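# A closer look at the structure
One-letter residues, chain by chain:
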Amino acid sequence: MRRRNALIPILLGIALYLLPGTALEAGTLVVIGGRQETQNEKVYKAMLDAVGGAEKARIAIIPAASATPTESGNLYIGDFLLYGVTAEQCRLYPVAVVDDDGTDDIDESTWRDGAWDETLAEDAKERNLFFFTGGDQARIMTCLVADDGTESPLLRNIRSALAASDDVVVAGTSAGAAIMSDPMLTGGDPILWISKGPDYLASQDEGGLAQGLGFMEETISDQHLLARGRLARLIVACLENEAGHDRGIGVDENTAFIVKGDDLSVVGETGAFIVDTSRARWKREGDYMGVVGVRVHYLDDGDGFNLATGEARPAPGKSLIEEPAYGERPLETDLFSAYTFLDMVTKGLVDSSADSCKGISFSVAIEEGRPQAGSGIRWTFRKGADTVGYKGTERSDFPLSPGGKHPHLDSYCPYTALNVIVDIVPFAVSVQ
């Protein structure tokens, strides 16, 4: 029966806080936040370097998540060819559930059982780079894991390869990034999640969390984080998962975080948030629940972090922020918009003379064209005794995106923000 469902920087030698390690035995994970552009040489080079260079790569593309599996898989093969890999080194694995209307001669829906084919599983033993495309992460689970939890031969051999060799990479973008953890994020309304609290979450059949493949242990992964304002859902997922994982890593689009043992590094166009809820707690405010004491770090391209010790490595060229460039920030009223969370943590806090900055987000129902009462959450980002920031040089060109243009940003300044404290307090919304 088949499945049908889901610091202080190292320069000073002082640890930020202690965290559990990833327990990744040998290989490397490359977790990409979606919108992986062909021009993104940094991420493609990171994957190929981890297997010993382009000439040593033996790549399996797994398009299970995609609604256009053949097209999507071949696009990524084409990208790898641009970076020194030959077509003979790549194979598109027939593992998918959705037929692509654009491929008249192929019915990809017949690939549903591909991961259970012993011949394909044997081929995986000859591969050292397994790449999961984007789409719907539930489709990956449908293909690779049975209803009773039995793992397919293909998945078992991918796990074995990753555990056995330093030169094996498992990579994924968007949905292919979500499946890296177990549980994995699938959706959810972050305002409801926070304001209703743990009792509400426990009562939901879906809850925005489902079984993932768990290549990355003791951590929940998320993607599209800055572009889609997903920091809230990652925080709640870390607070309320049955596995007890209190760390999350959310990476932005066209960017990857790379995990090798306990070492994490960030490469690409922007950066990633690390969320730590080990010292956070729920706090009741009237009829609603809030969350206080969350710790977050923002790491940008070139930054590194030790997941076991909490030691950070700001990228070369960044300077410790000693004289902030900004003053107190006005109340932010659209926190979930693209890149607002990043601005709050960086320009609003670690590069600000203020000790805190605040923002709100809320939702209301619309009935017969009229807004109704709803709920919202008020965010406070504040400095602690060990909050620190680093800053690079602002840029207006984006060479990793087509035409050097970013889909959301006109300019960008690389920051590192460490030990930022986040409190989230709910409130009721009335309509007059």
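Just so we're clear, the structure is a prediction, and the values are computed from it rather than from any experiment. (Residues numbered from 1 in each chain as written. Predicted model: local features only at pLDDT ≥ 70, side-chain atom pairs only at ≥ 80, totals over all residues. Heavy atoms only, no water.)

## Section: the overall build of the protein
Along the backbone of the protein there are 9 helices and 20 strands. What you see for the protein is a C-alpha radius of gyration of 22 Å, in line with the 22 Å of a compact globule of 432 residues. Expressed along its principal axes, the backbone C-alpha trace of the protein runs to roughly 60 × 55 × 40 Å. Looking at the protein as a whole, 58% of its 432 residues qualify as buried. (Helix = DSSP H or I, 4+ residues; strand = E, 2+ residues; numbered from the N terminus. Rg over C-alpha atoms; globule rule 2.2 N^0.38 Å. Buried < 20%, exposed > 50% of the residue type's maximum accessible area, 1.4 Å probe, protein only.)

## What to know about the sheet that holds strand β5 (residues 169–173)
Within a sheet, adjacent strands bond to each other through the backbone by hydrogen bonds, running parallel or antiparallel. Read across the sheet, 9 strands follow the order β3-β2-β4-β5-β1-β10-β11-β15-β16 without closing on themselves; strand pairing throughout is mixed. Edge positions in the sheet fall to β3 (90–92) and β16 (312–313), since each of these pairs with one other strand and no more. Inspection of the sheet shows strand β2 (residues 59–62) paired to β3 by 3 bridges, in the parallel sense. For A60, the partnering residue across the bridge sits in β3 and is R91. Here helix α2 (residues 69–82) sits on the sheet and contacts β2, β3, β4 (129–132) and β5; the angle it forms with β3, its principal contact strand, is near 170 degrees. (Pairing = 2+ DSSP bridges. Contact = heavy atoms within 4.5 Å. Axes fitted to C-alpha atoms, helices over the stretch in contact; angles between N-to-C directions.)

## Considering helix α9 (residues 340–350)
Across the 11 residues of α9, 9 count as buried, placing the element largely inside the fold. The complete set of buried residues in α9 reads T340, F341, L342, M344, V345, T346, G348, L349 and V350.

## As for helix α5 (residues 153–164)
Because the α-helix completes a turn every 3.6 residues, residues three or four places apart line up on one side. In this model α5 runs 16 Å from its N-terminal to its C-terminal C-alpha over 12 residues, within 8% of the 16 Å that 1.5 Å per residue would give. Along α5, the residues that are buried comprise P153, L154, L155, N157, I158, A161 and L162. (Expected span 1.5 Å × (residues − 1).)

## Some thoughts on the pattern of salt bridges
Per the counting criterion, the structure on display carries 19 salt bridges. For E122, the salt bridge identified is with K125, shortest N-O distance 2.9 Å. What makes E122 partly exposed here is its relative accessible area of 41%. Taking the shortest distance from any N to any O, the salt bridge between R382 and D423 comes out at 2.6 Å. Highlighted residues: R382 in strand β19 (residues 370–391) and D423 in strand β20 (residues 415–429), separated in sequence by 41 residues. Residue class for D423 comes out buried when judged on its relative accessible area of 13%. Each of R35, E37, R228, E253 and E269 takes part in one network of salt bridges that share partners. (Salt bridge = Lys/Arg side-chain N within 4 Å of Asp/Glu carboxyl O.)

## Considering the environment of R279
Tracing the chain through its elements places R279 in the loop between β12 (271–276) and β13 (281–285). A residue is classified by how much of its surface remains accessible, and R279, at 48% relative accessible area, is partly exposed. Separated by 122 residues in sequence, R279 and N157 place their C-alpha atoms 37 Å apart.

## Focus: the side chain of T340
The residue T340 is located in helix α9 in this model. Classification of T340 as buried rests on a relative accessible area of 7%. Among the polar contacts made by the side chain of T340, one reaches the side chain of S337 at a distance of 2.5 Å. Those residues in contact with T340, other than ones at most four positions away along the chain, are E332, D334 and L335. (Polar contact = N/O pair within 3.5 Å; in protein donor to acceptor, adjacent residues only side chain to side chain.)

## Concerning the side chain of H224
Within the element layout of this structure, H224 appears in the loop between β8 (220–222) and α8 (231–239). Within the local environment of H224, its side chain forms a polar contact with the side chain of S174, the two groups lying 2.8 Å apart. Look past the residues within four positions of H224 in its chain and what remains in contact with it is G33, G34, R35, S174, G229, R230, V251, D252 and E253.

## Comments concerning the packing of helix α1 (residues 41–50) against α2
Contact geometry for α1 and α2: axes closest at 10 Å, N-to-C directions at 80 degrees. Between α1 and α2, the angle is such that the two are roughly perpendicular. Contact residues: Y44, M47 and L48 in α1; Y76, D79 and F80 in α2. Taken together, the residues that form the contact of α1 with α2 break down as 5 nonpolar, no polar and 1 charged. (Parallel < 35°, antiparallel > 145°, perpendicular 65-115°, else oblique. Nonpolar A, V, L, I, M, F, W, Y, C, P; charged D, E, K, R; others polar.)

## A closer look at the confidence of the model for the protein
When the pLDDT values of the protein are averaged, the result is 90; 91% of them are 70 or greater. For the stretch residues 1–23, pLDDT sits under 50, and the model shows 88 contacts to residues farther than four places along the chain or on other chains. (pLDDT = per-residue confidence, 0-100.)

## A closer look at the packing of aromatic side chains
What the rule picks out here adds up to 10 aromatic pairs. With 4.8 Å between their ring centres and 45 degrees between their planes, Y76 and F131 make a pair best called tilted. Pair noted here: Y76 is in helix α2 and F131 is in strand β4, with a separation of 55 residues, a long-range link. Here Y76 and F131 have matching classes, each one buried. Ring centres of W379 and F381 lie 5.7 Å apart, and the angle between their planes is 10 degrees; this geometry places the pair in the stacked category. The pair W379 / F381 is uniform in exposure class, with both members buried. Among the aromatic side chains, those forming a connected cluster through ring pairs are Y44, Y76, F80, Y83 and F131. (Phe/Tyr/Trp six-rings, centres within 6.5 Å; stacked < 30°, edge-to-face > 60°.)

## So, the environment of G52
Here G52 shows up in the loop between α1 and β2. Of the residues examined, G52 reaches a relative accessible area of 36% and is grouped as partly exposed. Spatially, the C-alpha atoms of G52 and G304 are 21 Å apart, while their sequence positions differ by 252 residues.

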